[in-house]
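Each chain is listed here by its residues.
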Amino acid sequence: RYSKFKRCGGPIFVYSGNEGPIEGFYENTGLPFDWAEEFGADVVFVEHRYYGASQPFGNSTFNGTVSNLKFLRVEQTLADYALFMRDYNQPCPSTHLKSKVVVFGGSYGGILA
């Protein structure tokens, strides 16, 4: 999360995580950060399940059992992101309005966006 320039009424720029730990994408993505001040945006990176620290079965996630991959589906990933934003996007105290959300991504994460 990068909220240095966040202001009431500004958008939330969300980076849709993809095939890897979210830290690498955070450290190598510039556009949302470049635009944050201009738009008064909050910038959030959401990690895709099964990548990075988001392992649904912990150390057993990739133990060779196909059944552990049953939650690695596009529909479930989109639901994860929707639930995250539902909980994260709280109304601005002065206007009681929620922020508009703009989703970014690259590769598979860009398709999800």
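Throughout this document, residue positions are counted from 1 along each chain, in the order its sequence is written. Local features in a predicted model are, by the rule used here, given only for residues with pLDDT of at least 70; side-chain atom pairs are given and counted only at 80 or more, and totals for whole chains, interfaces and linings are based on all residues. Hydrogens and water molecules were not included; the side-chain quantities draw on all heavy atoms of the structure.

## Notes on the nonpolar core
Then, number 1: Phe-13, Tyr-15, Ile-22, Phe-33, Ala-36, Ala-41, Val-43, Phe-45 and Phe-104 form the largest nonpolar core, which has nine residues in total.
Then, number 2: Numbered from the N terminus, helices here are DSSP runs of H or I no shorter than four residues, and strands are runs of E no shorter than two. If you list the elements that add at least two residues to this core, you get strand 1 (12-16), helix 2 (31-39) and strand 2 (42-46).
Then, number 3: Once residues within four sequence positions are removed from consideration, Val-43 is found in contact with Arg-1, Tyr-2, Phe-13, Pro-32, Phe-33 and Ala-36. What makes a nonpolar core is a set of buried Ala, Val, Leu, Ile, Met, Phe, Trp, Tyr and Cys residues whose side-chain atoms join them at distances within 4.5 Å. The rule is simple: take the accessible area with a 1.4 Å probe, protein chains only, and divide by the maximum for that residue type; under 20% is buried, over 50% is exposed, in between is partly exposed. The contact rule is simple, with two residues in contact once any of their heavy atoms fall within 4.5 Å.

## Quick word on the packing of aromatic side chains
Given two aromatic rings, one states the distance between the centres and the angle between the planes to describe the pair.
Then, number 1: Aromatic contacts are taken between Phe, Tyr and Trp rings whose centres are within 6.5 Å, Trp giving its six-membered ring; a plane angle under 30 degrees counts as stacked, one over 60 as edge-to-face, and the others as tilted. This model, assessed by the stated rule, comprises 14 aromatic pairs.
Then, number 2: Centre to centre, the rings of Tyr-50 and Phe-62 are 6.0 Å apart; their planes meet at 65°, and the pair counts as edge-to-face. With Tyr-50 in the loop between strand 2 and helix 3 (74-88) and Phe-62 in the loop between strand 2 and helix 3, this residue pair connects regions lying 12 residues apart in the sequence.
Then, number 3: By relative accessible area, Tyr-50 is classed as buried at 1%.
Then, number 4: One aromatic cluster is present, built from ring pairs that chain together Tyr-2, Phe-5, Tyr-15, Phe-25, Tyr-26, Phe-33 and Phe-45.

## Focus on the pattern of salt bridges
Then, number 1: Here, a salt bridge means any Lys or Arg side-chain nitrogen found within 4 Å of an Asp or Glu carboxyl oxygen. All told, the structure shown has five salt bridges when counted by the stated rule.
Then, number 2: Arg-49 serves as the salt-bridge partner of Asp-80, at 2.6 Å between the closest nitrogen and oxygen. With Asp-80 in helix 3 and Arg-49 in the loop between strand 2 and helix 3, this pair connects stretches of sequence that are 31 residues apart.
Then, number 3: The residue Arg-73 makes a salt bridge to Glu-75 at a minimum N-O spacing of 3.3 Å.
Then, number 4: Residue classification places Arg-73 among the partly exposed positions, given a relative accessible area of 44%.
Then, number 5: Bridged by salt links that share partners, the residues Arg-1, Lys-6 and Asp-42 form one connected network.

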